[in-house]
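# Structure assessment
The chain contents come next:
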Amino acid sequence: MRVHPTPESPFDLDVPVLIVGAGASGMVAALAAADAGGEVLVVETDPMPSGSTALSAGLIPAAGTRFQRDAGISDDATLFAGDIQAKAKGENSQALVDLLARNAGPTIEWLADRFDLPFSVVTNFDYPGHSRRRMHGLPSRSGRELVDRLRASCEAQGIDIICNRRAETLFRDGNRITGVEVESPEGPERIGCETLVLACNGFGGNREMVARFLPEIEGALWFGHDGNRGDAVVWGEALGADCQHLRAYQGHGNVATPHSILITWAVITEGGVQVDVHGRRFWDESQGYSEAARAVLAQPGGVAWTIFDARIAAVARQFQDFKDAEAAGAIRTSDTLDELSTICGLPAGALAETLGAIPQAGADSIGRVFGGPPLAPPYCAVKVTGALFHTQGGLSISSDARVIRKSGDVFPNLFAAGGAAVGVSGSGDSGYLSGNGLLAAVVLGLIAGRSAAQQTTREQLDA
Ligand SMILES: Cc1cc2nc3c(=O)[nH]c(=O)nc-3n(C[C@H](O)[C@H](O)[C@H](O)COP(=O)(O)OP(=O)(O)OC[C@H]3O[C@@H](n4cnc5c(N)ncnc54)[C@H](O)[C@@H]3O)c2cc1C
């Protein structure tokens, strides 16, 4: 990844708005730019748009939406912003938190109304740290559906997404970005642009950067999109951009092993627990799934067993991943805890003793507060490990998603969205509030795309 001065020979192609990356942030940016009257081109390194977005559950938090009102949920941006900051212990920029919290609802409604994305709000379980039920998802509760519907919307708007094009070099003229060189199957191509949106996510797929910034999770299973190699941060460093919270990331401590299938954290929030290979609890699971990765990896063998029951399995079954895990034989079941201990290879009687020590209501000795129905037969168990999902640090941005320089002023025509920009998950692994990833992808995608298009229009009028 390089930054070079503008070449003397003309570009092969010129576009007003160029977007690097066709995940949620890139495609939402493209829709927003086109909606604002901009002519837009998206370049994507993969043969088909997918990204981390397609690997996700596609759940996006938003406050004060009509979907919530229809479900009788009262919520607002102030509450939402407070939850984000509480999870990250106030380490985020308040301005960025407010920007995301305020714009999430309108963004979801815009996607639903303008492009017919059939969102609904998850009403049958709570995500840790969210004081209201505010996760919005598509019918299959899968990121694959989100990507496919965004791609179909781009196609319907006549937006070109050129795949098999990896952006390698940015061209600059002072602080202005003038174009990009992409590697294509036919060789290098140079595309000039008036504005550039970086929507190429973070650096989870770059082993060297993970070792440099996130050594504590370096050895974990990588569960994100391989194509996310940290290009935005590398270009940003070369351009003199300000990067923030590069040690922040989302982990997950509930990935079925050896099947490598995500098990929804609803199995925990609904009353399930995690035990080590001795059948003993080892942490307060209610803290969240991101920090669960390190908690699980610290156990013998880097694994744990997540224990829940058939009632909880019925809730989890709304997720395709959970159904896939059942089909793959990852979920073990039994009518008795003793038999489940045997099936899982845990010491005899261990599960009965551990579950017997959980109070009906109130805090246990570890500090977790229980209150729901106790686990009841038939019981379920799944062997899990900890994984790295995606990084949360990135380029600092202004309220219109313009990239900020180390000197504090902004690049005039460079924007960042989604995982390319700094997130709102604090400085480590425990600040990630469920949904922070797609929140930044769709909200900043809309803001960046709209701002980029408006700038090209403004410059045409000024010329
Ligand atoms: C298993 C899993 C589950 C998750 N579940 C959730 C969830 O339920 N809710 C939530 O909010 N978040 C979730 N996340 C996080 C969420 O998926 C991401 O935060 C979000 O998808 C980021 O969107 P993006 O558009 O920035 O990146 P991506 O979707 O990764 O898109 C970036 C695109 O840029 C392309 N690209 C990269 N570099 C270049 C280049 N140089 N040139 C051209 N193209 C390039 C990539 O190939 C990729 O297609 C999950 C993540 C994982 C891995």
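Residues numbered from 1 in each chain as written. Predicted model: local features only at pLDDT ≥ 70, side-chain atom pairs only at ≥ 80, totals over all residues. Heavy atoms only, no water.

Our focus in this paragraph is the overall build of the protein. The helix and strand inventory of the protein stands at 15 helices and 23 strands. The C-alpha radius of gyration computed for the protein amounts to 23 Å, which stays within 12% of the reference 23 Å derived for 463 residues, consistent with globular compactness. Each of the three principal axes of the protein carries a C-alpha extent, and together these read 75 × 45 × 40 Å. Every one of the 463 residues in the protein was classed for burial, and the buried ones make up 60%. In the protein, the share of contacts with a sequence separation of at least 24, taken over all contacts with a separation of at least 6, comes to 74%. Taken as a whole, the protein presents about 17000 Å² of accessible surface, with 49% of it coming from carbon and sulfur. The centroid of the 37 positive side-chain charges in the protein is displaced by 3 Å from the centroid of its 54 negative side-chain charges. (Helix = DSSP H or I, 4+ residues; strand = E, 2+ residues; numbered from the N terminus. Rg over C-alpha atoms; globule rule 2.2 N^0.38 Å. Buried < 20%, exposed > 50% of the residue type's maximum accessible area, 1.4 Å probe, protein only. Contact = heavy atoms within 4.5 Å. Areas by Shrake-Rupley, 256 points an atom, 1.4 Å probe, with all protein chains shown as cover. Lys, Arg positive; Asp, Glu negative; His and termini not counted. Charge placed at Lys NZ, Arg CZ, Asp CG, Glu CD.)

Further remarks concern the packing of aromatic side chains. When we look at a pair of aromatic rings, we describe it by the centre distance and by the angle of the planes. Under the criterion given, the structure shown has seven aromatic pairs. Residues F223 and F389 carry aromatic rings whose centres are separated by 5.2 Å and whose planes lie at 15 degrees to one another, so their mutual orientation is stacked. Of this pair, F223 sits in the loop between strand 11 (221–222) and helix 8 (231–239) while F389 is found in strand 20 (residues 379–391), placing the two residues 166 residues apart along the sequence. Summarising the aromatic geometry, the rings of W265 and Y289 are spaced 6.3 Å apart at their centres and angled 80 degrees between planes, so their arrangement reads as edge-to-face. Residue W265 is found in the loop between strand 14 (261–262) and helix 9 (266–269), and its partner Y289 is found in helix 10 (residues 289–297); the two are separated by 24 residues along the sequence. Of the two residues, W265 and Y289, both sit in the buried class. (Phe/Tyr/Trp six-rings, centres within 6.5 Å; stacked < 30°, edge-to-face > 60°.)

Before going further, it helps to spend a moment on the environment of L117. Looking at the element boundaries, L117 is found in the loop between helix 5 (94–115) and strand 5 (120–121). For the pair formed by L117 and S153, sequence separation is 36 residues and the distance between their alpha carbons is 9.1 Å. Each residue touching L117, except ones within four places of it in the same chain, is listed here: L111, A112, L138, L146, R149, L150 and S153.

Strand 20 sits mainly inside the fold: 12 of its 13 residues count as buried. The sheet contact formed by strand 13 (residues 249–256) and strand 20 spans six bridges and is antiparallel. The partner of H252 across the bridge, within strand 20, is A387. The pairing of strand 16 (residues 303–309) with strand 20 spans seven bridges and is classified as antiparallel. Bridge pairing links D309 to Y379 in strand 20. Both strand 17 (residues 332–334) and strand 20 contribute to a ladder of three bridges, which runs antiparallel. (Pairing = 2+ DSSP bridges.)

The next thing to look at is the pattern of salt bridges. Enumeration over the complete set of coordinates arrives at 23 salt bridges. Put simply, D83 and R134 hold a salt bridge, and the shortest N to O gap is 2.8 Å. Of this pair, D83 sits in helix 4 (residues 77–87) while R134 sits in the loop between strand 5 and strand 6 (135–137), and the two are 51 residues apart along the sequence. Among the residues examined, R134 registers a relative accessible area of 1% and is labelled buried. Here R149 makes a salt bridge to E145, at a shortest N to O gap of 2.8 Å. Within this pair, R149 and its partner E145 are both found in helix 6 (residues 143–156), separated by four residues, close to a single helical turn. By relative accessible area, E145 is classed as buried at 14%. (Salt bridge = Lys/Arg side-chain N within 4 Å of Asp/Glu carboxyl O.)

With that settled, consider the site of the ligand. Taken together, 41 residues are adjacent to the ligand, and S25, E44, T53, D231 and L438 come closest. Within the contact set of the ligand, an oxygen atom lies 2.9 Å away from a backbone nitrogen or oxygen of G419. One of the backbone N or O atoms of L438 is found 2.7 Å from an oxygen atom in the ligand. Those elements giving two or more residues to the shell around the ligand turn out to be helix 1 (24–35), helix 2 (51–55), strand 8 (166–173), helix 8, strand 20 and helix 15 (436–462). If you tally residues by element for the shell around the ligand, the top one is helix 2, at four residues. Among the residues making up the shell around the ligand, the classes are represented as 16 nonpolar, 20 polar and five charged. (Near = heavy atom within 4 Å. Polar contact = N/O pair within 3.5 Å; in protein donor to acceptor, adjacent residues only side chain to side chain. Nonpolar A, V, L, I, M, F, W, Y, C, P; charged D, E, K, R; others polar.)

Our focus in this paragraph is the state of the cysteines. Under the counting rule described, the total for this entry stands at zero disulfides. With no disulfide of its own, C200 lies 12 Å from the sulfur of C243, the closest cysteine sulfur. No disulfide involves C380; its sulfur sits 10 Å from that of C344, the nearest cysteine. Overall, C380 belongs to the buried group, its relative accessible area being 4%. (Disulfide = S-S within 2.5 Å.)

Relative to the helices and strands, D335 resides in the loop between strand 17 and helix 13 (337–344). With relative accessibility at 54%, the residue D335 sits in the exposed group. When the C-alpha positions of D335 and M209 are compared, they lie 47 Å apart, and in sequence the two are 126 residues distant. Those residues in contact with D335 that sit more than four places away from it in its chain are P377, P378 and Y379.

It is common to give the size of an interface as the accessible area lost on bringing the parts into contact. Under the domain assignment used here, the protein contains domain 1 (2–248 + 393–462) and domain 2 (250–388). Each of domain 1 and domain 2 has a C-alpha centre, and these two points are 33 Å apart. Tallying the contact residues gives 26 residues for domain 1 and 27 residues for domain 2. With both chains or domains summed, domain 1 and domain 2 bury close to 2200 Å², and 62% of this area falls on carbon and sulfur atoms. Summed over the shared surface of domain 1 and domain 2, the number is two salt bridges. (Domains from an automatic or database assignment. Buried area = accessible area lost by both parts, 1.4 Å probe.)

Moving on: unusual backbone geometry. Looking along the chain, the bond that leaves T257 and enters P258 is cis, with omega of 5 degrees. Looking at the secondary structure, you find P258 in the loop between strand 13 and strand 14. Here the bond from P377 into P378 is cis, since omega is -5 degrees, no more than 30 degrees from zero. Residue placement: P378 occurs in the loop between strand 19 (369–370) and strand 20. Backbone geometry at R141 places phi at a positive 50 degrees, although glycine is not the residue there. With respect to the helices, strands and loops of the structure, R141 is situated in the loop between strand 6 and helix 6. Overall, R141 belongs to the buried group, its relative accessible area being 11%. Positive phi is not limited to glycine here, since H245 has a value of about 50 degrees. Relative to the helices and strands, H245 is located in the loop between strand 12 (243–244) and strand 13.

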